[in-house]
Amino acid sequence: MTNGVERYVSGARIAERVARLAEIGGLPNGGMNRLPFTPEDRAARDLFARWLSDLGLPVRVDGAGNVIGRREGGDPTAPVVMAGSHLDTQPMGGRFDGIAGVLTALEAAEAMGAAGFVHRHPVEIVDFAAEESMGRFDVSMPGSRAMVGALKSEDLELRCRLTGETLREAMGSIGIDLSRLAAAERPLGSIKAVVELHIEQGPHLEEAGKQIGVVTTVAGSVRYHCVLEGQQAHSGALPMAYRRDALCGAAELLLAVERAAKAQASPPVVGTVGYMDYEPRSPVIIPGRVRMIIDVRSVDAAARDAVAADIEAAARRIAVARRLHLEWRLSSGFPPTPLARAVVDTITRACEDLGVSSMPMPSGAGHDAMTLGRRFPAGMLFVPSVGGISHAPQELTRTEDLEAGAKVLCRALCMLAA
Ligand SMILES: [Zn+2]
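Values in this document were obtained by computation on a predicted structure and should not be read as measured data.

1. Digging into the packing of aromatic side chains
Following the criterion strictly, the structure yields 1 aromatic pair and no others. For the ring pair Y224 and W328, a centre distance of 4.9 Å and an interplane angle of 25 degrees mean the geometry is stacked. Of the two residues, Y224 is situated in strand β7 (residues 220-229) and W328 in strand β12 (residues 325-333); the sequence distance between them amounts to 104 residues. Side by side, Y224 and W328 carry an identical accessibility label, which is buried. In this arrangement the basic side chain of R17 is found over the ring face of W51, its NZ or CZ atom lying 5.3 Å from the centre. The ring of Y275 has R161 lying over it, and the distance from NZ or CZ to the ring centre is 4.9 Å.

Next up, the structure:
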């Protein structure tokens, strides 16, 4: 019996918890600074674990740092129905990205408890560790990655761009026991479905006047590490004709990325240089070396790869014309991930049952559900982001939308777990 459990979902309670979490690593401008594997991250994880315990759910932290609460079903050996997202944030990030998914999953578990919901499959409510790890390390989503056996031991030796510590050290610093990392992997067939609610982080739902986006495909990304090396020299003494200015080359490449992505309008491709550093940094020195990370994404792999090839060709042209040395390396690549039909259909039906307006849509951003979707049936639902703003202090999702999303999530989980 799955009817009516969602009546126990409270938008006010979700909003209260959003506010409580925003006190941990909150910035004066309303933004959040709760980077993965920092004391703030740890405090948020601990608070979440306490909320789970308050519901009477046993809590464990696996060897990759995922915080997992479990509501036992009638058959403890049945495959798990999993819901969750992440509590860490980008630097100067928002209050809802990831947090909305964890808190609505928690709310669904609370509603199941209040309704005395009886189900067969165990339900797990998860804070996936460090979804935002790209803000520090060159590996994304180590928590969900480990669950599908895709966190490699060499990944643990990657160094933080901000502090220089390794991923291993950073994880250890908040008490994650990496000796149990292998056991964090979930075998094929052990998870029946993963459902992640997330804020849309774009403008489409608001523009369409819909409350829920049912995600059909998650865009695939490729990321390139590019180094341009010229000749460091005196800014006053060396005439323009003699220069091999690496930063000028990077400026050209930066605009080439934008041009190449804009030229591919349908299916759309996005291209971004979100990270760049150069050296030395002095007003009287011509920069000798630039490092940049180029991120290209689309739900259409062929269109994405064509744009990436254009960008690489531009990089090589610029390097030759400016007599720069170019290093070009593919650092990570994910194919576009279609989400599982059965889970997508369940979410759509939950929307219909509850009379909540919805529309199918792709996700431009990557999420834990995408990573888990490599091995397990996964689905996602989006709730609107006001103004399409995310990864910014202005990020906002209205409480009524969080409540509607939590009700849909709750109903979908009930159907899957029954
Ligand atoms: Zn997120």
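2. Some words on the domain arrangement of the protein
In terms of domain boundaries, the protein breaks down into domain 1 (5-219 + 336-417) and domain 2 (220-333). When each unit is reduced to the centre of its C-alpha atoms, the spacing between domain 1 and domain 2 is 33 Å. Taken together, the 12 residues of domain 1 in the interface contact 13 residues of domain 2. Around 790 Å² of area is buried between domain 1 and domain 2 when both sides are counted, 63% of it from carbon and sulfur atoms.

3. Let's talk about the environment of T104
Its place among the elements puts T104 in helix α3 (residues 99-115). When sequence neighbours within four positions are dropped, the list of residues in contact with T104 reads I14, L197, L402, A406 and L409.

4. Side note on the pattern of salt bridges
The full count for this structure, using the stated rule, is 27 salt bridges. A salt bridge links R17 to E107; the shortest N-O distance between them is 3.7 Å. In this pair, R17 sits in helix α1 (residues 11-22) while E107 sits in helix α3, placing the two residues 90 residues apart along the sequence. For R17, a relative accessible area of 11% puts it in the buried group. Judged by relative accessible area, E107 falls into the buried class, the value being 0%. Because the salt bridges share partners, they merge into one network encompassing R13, R17, E107 and E110.

5. Describing the coordination of the zinc ion
Around a metal, the perfect tetrahedron of four donors has angles of 109.5 degrees, and the perfect octahedron of six donors has angles of 90 or 180 degrees. Every protein donor of the zinc ion is listed here as H86 (NE2), D97 (OD) and H198 (NE2), and their distances to the metal cover 2.0 to 2.2 Å. Along the chain, the residues that donate to the zinc ion are spaced as H-x10-D-x100-H. Within this pair, whereas D97 is found in the loop between β3 (80-85) and α3, its partner H198 is found in strand β5 (residues 191-199), the two being separated by 101 residues in sequence.

6. Describing the environment of L47
Relative to the assigned elements, L47 resides in helix α2 (residues 39-54). Classification of L47 by relative accessible area gives buried; the value is 5%. Separated by 23 residues in sequence, L47 and I24 have C-alpha atoms that sit 9.8 Å apart. Those residues in contact with L47, other than ones at most four positions away along the chain, are R20, L21 and I24.

7. Some thoughts on helix α11 (residues 399-417)
Each α-helix winds once per 3.6 residues, and so residues spaced three or four apart point in a common direction. Helix length check: α11, at 19 residues, gives a terminal C-alpha distance of 26 Å against a target of 27 Å (1.5 Å per residue), a fit within 8%. Burial analysis of α11 places 15 of its 19 residues in the buried class, which makes it a mostly covered element.

8. A look at the nonpolar core
One finds L21 and M82 to be the most contacted residues of the largest nonpolar core, which totals 83 residues. Examining the composition of this core, we find that 12 residues originate from one element, α11, more than from any other. Beyond its immediate chain neighbours, meaning those up to four positions away, M82 contacts E124, V126, F128, M147, R186, I191, A193, V194, V195, L372 and L413. Counting 28 residues, the second largest nonpolar core, distinct from the first, contains Y224, V257, A260 and V307.

9. Digging into the pairing of strand β6 (residues 212-218)
On a regular strand, one side chain projects to one face of the sheet and the next to the other, so that they alternate. Counting buried residues along β6, 5 of its 7 residues qualify, which places the element largely inside the surrounding structure. Pairing geometry for β6 and strand β14 (residues 358-363), over 5 bridges, is parallel. Looking across to β14, one finds that I212 is bridged to S358. In terms of strand pairing, β6 meets strand β15 (residues 378-383) through 3 bridges, oriented antiparallel.

10. Some thoughts on the packing of α1 against α11
Axis separation between α1 and α11 bottoms out at 8 Å; the angle between their running directions is 115 degrees. Between α1 and α11, the angle falls in the class roughly perpendicular. Viewed along their axes, α1 and α11 form a crossing whose handedness is right-handed. Residues G11, A12, I14, A15 and V18 of α1 pack against T399, L402, E403 and A406 of α11.

11. Concerning helix α8 (residues 301-321)
For α8, which comprises 21 residues, the first-to-last C-alpha distance of 30 Å matches the rise-based estimate of 30 Å (1.5 Å per residue) to within 8%. In the core, the buried residues of α8 are packed alongside β7, α7 (246-263), β11 (289-298) and β12. One or two residues past the end of α8 sits R323, with phi positive at roughly 55 degrees.

12. Looking at the pairing of strand β4 (residues 123-127)
The element β4 is largely enclosed, with a buried count of 5 among its 5 residues. Here β4 shows a buried face lined by V123, I125 and D127 and a second buried face lined by E124 and V126. Where strand β2 (residues 67-71) meets β4, 5 bridges bridge the pair, whose relative direction is antiparallel. Among the inter-strand pairings, G69 is bridged to a residue of β4, identified as I125. Regarding topology, α3 serves as the crossover connection from β3 to the parallel β4, and that connection is right-handed.

Quick notes on the rules
- Residues numbered from 1 in each chain as written.
- Predicted model: local features only at pLDDT ≥ 70, side-chain atom pairs only at ≥ 80, totals over all residues.
- Heavy atoms only, no water.
- Phe/Tyr/Trp six-rings, centres within 6.5 Å; stacked < 30°, edge-to-face > 60°.
- Helix = DSSP H or I, 4+ residues; strand = E, 2+ residues; numbered from the N terminus.
- Buried < 20%, exposed > 50% of the residue type's maximum accessible area, 1.4 Å probe, protein only.
- Lys NZ or Arg CZ within 6 Å of the ring centre and 35° of its normal.
- Domains from an automatic or database assignment.
- Contact = heavy atoms within 4.5 Å.
- Buried area = accessible area lost by both parts, 1.4 Å probe.
- Salt bridge = Lys/Arg side-chain N within 4 Å of Asp/Glu carboxyl O.
- Donors = N, O, S within 2.8 Å, 3.2 Å for Na, K, Ca; no water.
- Expected span 1.5 Å × (residues − 1).
- Core = buried A, V, L, I, M, F, W, Y, C linked by side-chain atoms within 4.5 Å.
- Pairing = 2+ DSSP bridges.
- Axes fitted to C-alpha atoms, helices over the stretch in contact; angles between N-to-C directions.
- Parallel < 35°, antiparallel > 145°, perpendicular 65-115°, else oblique.
- Left-handed = near helix turned anticlockwise from the far one by under 90°.
- Right-handed = clockwise from strand over helix to strand, strands pointing away.

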